[in-house]
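Geometric and topological summary
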Amino acid sequence: MNRDENTPGISPMEEMSPPCQVACPLHTDVRGYVAAIARGDFEAAYAIAREPNPLIYVCSHVCAHPCEEECRRGQVDEPVAIAALKRFAAERHDLSLGHGPPKPNVEPKEQKVAIIGAGPAGLTAAYDLARMGYPVTVFEALPEPGGMLRVGLPKYRLPREIIDVDIKGILEADVEIKTNVCIGRDMTLSDLKEQGYEAIFIAIGAQQSRALRIEGMDLDGVLLGVDFLRDVNQGRAVKLGRRVLVIGGGNVAVDVARSAVRQGRPGSEKEVHMICLESREEMPAHEWEIIEAQREGIILHPSLGPKRILGRDGKVVGLETIVCSSVFDSEGRFNPTFVPDSESVIEGDTIILAIGQASDLSFLRPEDGIELTRRRTIKVDPQTLATTAPGIFAGGEVTTGPGSVVGSMALGRRAAISIDTYLRGEDLTGLQFGEWRELDDLPPKTVERIKPLAREPMPMLPLEERAFNYEEVELGYTLAMAMRAAHRCLTCGGGAYVDTGKCAACLTCVRVCPYDVPIIKEGAAFIDPTECQACGVCASECPAKAITMKLYSEDQLYQEIDALFADAPAENPEPLIVGFCCLYCAYAADEWAESVRAQLPPNVRTLDVVCTSRIDIQHLLRAFELGADGVFVAGCVGDECRHTEKAANRIQGKVQFVKEVLDQVGIGSERLSLYDIPSAEWGTVPRIAQEMTERIRALGPNPL
Amino acid sequence: MIIAEQKPLDEIKSMIADYQKVLILGCGTCVTICFAGGEKEVGILASALRMATRLDGQDKEFIEATVQRQCEYEFNEEVADLVKEADVVLSLACGIGVQTMNEQFPEKLTLPGLNTKFLGQPTEQGVWDERCLACGDCVLYKTGGICPIARCSKSLLNGPCGGSQNGKCEINPEVDCAWQLIYDRLKALGKLDLMMEVKSPKDWSASHAGGPGKIVREDLRL
Ligand SMILES: Cc1cc2nc3c(=O)[nH]c(=O)nc-3n(C[C@H](O)[C@H](O)[C@H](O)COP(=O)(O)OP(=O)(O)OC[C@H]3O[C@@H](n4cnc5c(N)ncnc54)[C@H](O)[C@@H]3O)c2cc1C
Ligand code: SF4
Ligand code: SF4
Ligand code: SF4
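Here the structure is a predicted model, which is why all the values come from computation and not from measurement. (Residues numbered from 1 in each chain as written. Chains lettered and ligands numbered in written order. Predicted model: local features only at pLDDT ≥ 70, side-chain atom pairs only at ≥ 80, totals over all residues. Heavy atoms only, no water.)

What follows covers the overall build of chain B. Across its full length, chain B carries nine helices and nine strands. Since a compact globule built from 222 residues should have a radius of gyration of about 17 Å, the 22 Å found for chain B marks it as more spread out than a globular shape. By principal-axis analysis of the C-alpha atoms, chain B measures approximately 65 × 45 × 25 Å. Counting all 222 residues of chain B, 41% fall into the buried class. (Helix = DSSP H or I, 4+ residues; strand = E, 2+ residues; numbered from the N terminus. Rg over C-alpha atoms; globule rule 2.2 N^0.38 Å. Buried < 20%, exposed > 50% of the residue type's maximum accessible area, 1.4 Å probe, protein only.)

This brings us to the interface of chain B and chain A. Across the boundary between the two partners, chain B contributes 20 residues, which contact 25 residues of chain A. Regarding the contact of chain B and chain A, the summed buried area is about 2,100 Å², with carbon and sulfur atoms giving 61% of it. Counting the surface chain B buries against chain A, the share from its top three residues, B:K40, B:M51 and B:L55, is 30%. Linking chain B with chain A are two salt bridges, by the criterion used here. (Contact = heavy atoms within 4.5 Å. Buried area = accessible area lost by both parts, 1.4 Å probe. Salt bridge = Lys/Arg side-chain N within 4 Å of Asp/Glu carboxyl O.)

On to the site of ligand 2. Around ligand 2, a shell composed of A:P18, A:C20, A:V30, A:R31, A:C71, A:R72, A:V80, A:I82, A:C489, A:L490 and A:C492 is seen. A breakdown of the residues in the shell around ligand 2 according to their chemical character gives nine nonpolar, no polar and two charged. (Near = heavy atom within 4 Å. Nonpolar A, V, L, I, M, F, W, Y, C, P; charged D, E, K, R; others polar.)

This paragraph deals with the domain arrangement of chain B. Along its sequence, chain B is organised into domain 1 (2-118) and domain 2 (133-197). On a C-alpha basis, the centres of domain 1 of chain B and domain 2 of chain B stand 37 Å from each other. (Domains from an automatic or database assignment.)

Bringing the sheet that holds strand β2 (residues 136-139) of chain A into the picture now. Residues and elements named next belong to chain A. Strand order in the open sheet made by the five strands is β3-β2-β1-β4-β16, with parallel pairing throughout. Where the open sheet ends on each side, the last strands, each with one partner, are β3 (175-178) and β16 (392-394). Adjacent strand axes in the sheet meet at a mean angle of 20° when their direction is disregarded. Both strand β4 (residues 197-202) and β16 contribute to a ladder of three bridges, which runs parallel. Bridge pairing in β16 places I202 opposite A394. Along the sheet, helix α15 (residues 405-423) makes contact with β1 (112-116), β4 and β16, crossing β4 at roughly 160°. (Pairing = 2+ DSSP bridges. Axes fitted to C-alpha atoms, helices over the stretch in contact; angles between N-to-C directions.)

Moving on to the confidence of the model for chain A. In this model, chain A carries an average pLDDT of 91, and 95% of its residues clear a pLDDT of 70 or more. In this model residues 1-13 of chain A is a low-confidence stretch, pLDDT under 50, and it forms 33 contacts with partners more than four residues away in sequence or in other chains. (pLDDT = per-residue confidence, 0-100.)

Given a rise of 1.5 Å per residue, 17 residues ought to cover 24 Å, and the 24 Å separating the end C-alpha atoms of helix α3 (residues 39-55) of chain B matches this to within 8%. The element α3(B) is extensively covered by neighbouring structure, given that 13 of its 17 residues are classed as buried. (Expected span 1.5 Å × (residues − 1).)

This part takes up the nonpolar core. Counting 83 residues, the largest nonpolar core has A:Y33, A:I37, A:L85, A:I115, A:L129 and A:F201 as the members making the most contacts within it. Looking at which element gives the most residues to this core, the answer is α15(A), with 10 residues. Aside from chain neighbours lying at most four places away, what touches A:L129 is A:V113, A:I115, A:Y134, A:V136, A:A416, A:I419 and A:D420. Listed in part, the 57 residues of the second largest apolar core include A:L621, A:V633, B:L45 and B:L92. (Core = buried A, V, L, I, M, F, W, Y, C linked by side-chain atoms within 4.5 Å.)

Time to look at the packing of helix α2 (residues 30-38) of chain A against helix α17 (residues 479-486) of chain A. Residue and element names in this part refer to chain A. Contact pair α2 / α17: the axes reach a minimum separation of 8 Å and the direction vectors enclose 125°. As summarised for this structure, α2 and α17 are arranged oblique, according to the angle between their axes. Between α2 and α17 the crossing geometry is left-handed. Contact residues: α2 offers V34, I37 and A38, while α17 offers A482, M483 and A486. Of the residues contributing to the contact of α2 with α17, the split by class is six nonpolar, no polar and no charged. (Parallel < 35°, antiparallel > 145°, perpendicular 65-115°, else oblique. Left-handed = near helix turned anticlockwise from the far one by under 90°.)

Attention shifts here to the domain arrangement of chain A. The domain architecture assigned to chain A consists of domain 1 (2-207 + 359-433), domain 2 (209-358), domain 3 (494-551) and domain 4 (553-699). Domain 2 of chain A and domain 3 of chain A are separated by 57 Å when their C-alpha centres are compared.

In this section: the packing of aromatic side chains. Counted by the stated rule, this structure contains seven aromatic pairs over all chains. Ring centres 6.3 Å apart and planes at 35° place the aromatic pair A:Y156 and A:Y470 in the tilted group. Separated by 314 residues along the polypeptide, A:Y156 in the loop between α8 (148-151) and α9 (160-172) and A:Y470 in the loop between α16 (444-449) and α17 bring together distant segments of the chain. The aromatic ring of A:F526 is capped on one face by A:K521, whose charged end is 4.0 Å from the ring centroid. One residue, B:K202, lies across the ring of B:W204, its end atom 5.6 Å from the ring centre. (Phe/Tyr/Trp six-rings, centres within 6.5 Å; stacked < 30°, edge-to-face > 60°. Lys NZ or Arg CZ within 6 Å of the ring centre and 35° of its normal.)

Here we take up the pattern of salt bridges. Residues and elements named next belong to chain A. Overall, the coordinates contain 50 salt bridges over all chains when judged by the stated rule. Taking the shortest distance from any N to any O, the salt bridge between R185 and D186 comes out at 2.9 Å. Linking D329 and R333 is a salt bridge whose minimum nitrogen-to-oxygen distance equals 3.4 Å. Within this structure, R157, D255, R258, R262, E289, E292, R295, E296 and R466 form a network of salt bridges that share partners.

On to the state of the cysteines. All names here are of chain B. Applying the stated criterion to the full structure yields zero disulfides over all chains. This cysteine, C94, is not joined by any disulfide, and C71 carries the nearest cysteine sulfur, 6.3 Å off. Given the relative accessible area of 11%, C94 is considered buried. No disulfide involves C135; its sulfur sits 6.4 Å from that of C138, the nearest cysteine. (Disulfide = S-S within 2.5 Å.)

Residues and elements named next belong to chain A. Turning to its location among the elements, R642 is positioned in the loop between β23 (630-635) and α24 (645-648). One buried charged side chain, R642, makes no salt bridge at all; its nearest oppositely charged neighbour is D77, positioned 10 Å away. In this structure the side chain of R642 is engaged in a polar contact, spanning 3.0 Å, whose partner is the backbone oxygen of C489. (Lys, Arg positive; Asp, Glu negative; His and termini not counted. Polar contact = N/O pair within 3.5 Å; in protein donor to acceptor, adjacent residues only side chain to side chain.)

All names here are of chain A. Where burial is concerned, most of strand β7 (residues 243-247) is hidden: four out of the five residues are buried. Relative to strand β8 (residues 271-275), β7 is paired through five bridges, and the arrangement is parallel. Within the sheet, the bridge partner assigned to R243 lies in β8 and is E271. Alignment of β7 against strand β14 (residues 350-353), held across four bridges, turns out to be parallel. Note on β14: the bridge partner recorded for I247 is L353.

The next thing to look at is the sheet that holds strand β7 (residues 127-132) of chain B. Residues and elements named next belong to chain B. Judged by pairing direction, the sheet is antiparallel, and its three strands sit side by side in the order β1-β6-β7 without closing on themselves. Bordering the open sheet on either side are β1 (2-6) and β7, each of which pairs with just one other strand. Neighbour to neighbour, the strand axes of the sheet diverge by 70° on average, direction disregarded. In this structure, β1 lies alongside strand β6 (residues 114-124), joined through five bridges in antiparallel fashion. Across the sheet, A4 pairs through a bridge with T116, a residue of β6.

Residues and elements named next belong to chain B. For V88, the position within the fold is in strand β4 (residues 88-91). The exposure class of V88 is buried, given its relative accessible area of 0%. Residues V88 and V22 lie 66 residues apart in sequence; the distance between their C-alpha atoms is 5.2 Å.

This paragraph deals with the site of ligand 3. With respect to spatial proximity, the complete set of residues near ligand 3 consists of A:C503, A:A504, A:A505, A:C506, A:L507, A:T508, A:C509, A:I520, A:A525, A:C542, A:A544 and A:I547. Residues that form the shell around ligand 3 fall into these classes: 11 nonpolar, one polar and no charged.

Okay, structure coming up:
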């Protein structure tokens, strides 16, 4: 059984998908939402990004974004700022339009489902199942839903209102969440079954800090990382000394250290150190997190193993360390080796361990029939997430060990599909999740031709404003930044596709492509999606109309032209001017989107096109046919084109041709103008529009 | 391949003046490649005609279609219904396609939207040059692979004439003198002796002068 259409993000596709989408565990259509932002259609961007993701607001702030690691822009310079763009789309979204798509019209189902744990995995499964029509109840031990989002992630990275926005969206999908109910303490699994829950999803995460088996663990001043964060996040008093030693080199350790820096009040400045086995280069935390930690004054001690905690009078006074020469053995297994006689002491009065998390599985009873793995996670079928007990599924960090929000969400989604399959009485073993085919890397010849464009840096809260508070550090993009960031996307695989049945092998595409992509193969054009940069030149020039652009097709441009006229008053006092504006250069000048366009008089209607090379002769004629009194095309000056001068210049011939047609038809070529506008001069567009209006007014209306 | 270009819009307008519903029918082969009558050109002409006829106060309807090769019945059969529906067909194929249509659909008139110009080579994007006159008796083996029949303005067999100046033809300084080209090529090939051979007058009956051409391959007939 294959669930393609109805299950966002899970659908296997016949064609090759961009690596960002393949890398995203929810298979978000990154290319799609980034392109929508690039076009200035922010609500469309939100809708696309939201489609597979009920925790979109959370993800837009803290997603580990594996997509960016795979982004092909990274082969040219740096990856597209995918996560920051999602945040921009979410921030722009008008929540009064709803958090997500309306609930599908499905038959309400009878069978009740219980979900244990309201973290990302549990919430996603609950949301999906509720949308399938199941009555779903989530049991959560803590007073508030969110899991690690609520009690693990520090507020300077994830403000709590952000979590609330997503939780509200999930509740609106008719998910019931019962907080302060700890399975094992307040109820057992058998109780749930007795209460009529026909399927159970265990999504309790990995909420316990791993401890170290070294001397001194029982001293006063030794804290566990996750407990420390939970206390901080729940506003409980936390006692830290003046020298805090954080053991661990991962993201959680960085969060612990950066939180420790923020604890206290002015005057209670403290020194925070991070000690980890890995070398600086091997540290598992994200590079940008480590850099921020250092900027906040945290002192790193890489390549050191904790040997023993030193104490005096029952209180911590320091950590004895030993130099670690390698963390993994030749087979890549965790197996640290230490340099003999390399011991040294780091003084400190508080030690926080952040060396990993594990699940608290004490609530499981032998009679539950749920087997565990050697790693103390719940054993599941990797496809279906079924545990060894019928009707009981598990997923998220309780099966994977420490992971990511989006990774746990994907397993929540998978569990929902499995549970639905199970409750329908269908055979679980037949359940298949399609494989995604990924576009290959850019070939070197293409990399060479792509213009480098610097990645837009994330604006950050100034260092001095971060002390002793949990204000969010990353501030989000402005509109102009988002536009620039979005235009860096290569629209991988969203470019030209050839209908070989129509192709006349005329070689036009072969000759006009600025990236030398098309070739003639087996008698027809072949456009390798691995190489195509989606400029659209070929599609607009193919005499056989054999080429379609996958994203932002020619037809879409027609629709947009038609839409411009939908509300045009029949009796128009002013000449109706239609402007085709190249998006790349338009938005290179920030003002276009923010202010210039708003200055255009109502008789001037503009269409944003992704590169003037996308415009074809018929698009221009269409505007006249529909009654435009004047039409202008505004595009960048040759070398400013995001593609190449070759692409930028193609519009000239088309405009010339249309002028000749207009003369023959009797409309007159002077009603069509082409303006080359350097990006720095986009502010002149209103003036150009004004001049054109006057010129056309003198000519009188379109004789049609 | 066959090279054609669109007739002036005014001429097309007057051809279709008496008809209300016009099927503009393109061809997916030569005329597509020379940007005269493929699907894209059909769309552009339809748009231009819609506007032009509206300006003339006429209310005409244009249907657009393109077949793979208009000189074959089988391909045209695919648009038989549209032909039936239309009052007239405006073909954007070469003259061969236009005649095929007239033959195949005798009850409906098919008009030529193009002027079929010559047999030529797309020498660069947007440029087409005449190369062959279909004389029926190829002489390229005597002329270094350059056709004096098609490319010499006078179709001289023993050129050049006195009008050859600096490698250009006297009819137009843009036009290469074919015999200069032939001379240069033969020289490069070390075969200048071929220039000395006097070619006897050509038997033009092998070409159109001998009546309409026809080839029959009995072995292939069904
Ligand atoms: C400090 C820290 C920072 C992180 N930062 C990031 C980040 O920036 N980006 C990212 O992608 N990931 C991050 N992660 C990882 C991310 O938080 C987890 O991958 C994710 O929350 C796991 O989701 P989950 O649903 O599997 O489990 P959890 O989020 O752990 O949720 C499990 C829930 O089950 C509840 N529960 C447990 N036992 C019971 C029981 N017996 N009965 C009832 N309820 C129970 C818990 O209270 C909890 O609410 C971070 C983790 C930590 C600890
Ligand atoms: S360039 Fe765009 S489509 Fe390509 S991998 Fe990066 S984000 Fe995805
Ligand atoms: S431009 Fe169109 S017809 Fe020409 S080779 Fe390319 S796909 Fe084929
Ligand atoms: S012309 Fe542009 S759209 Fe067409 S194949 Fe080349 S890069 Fe792709």
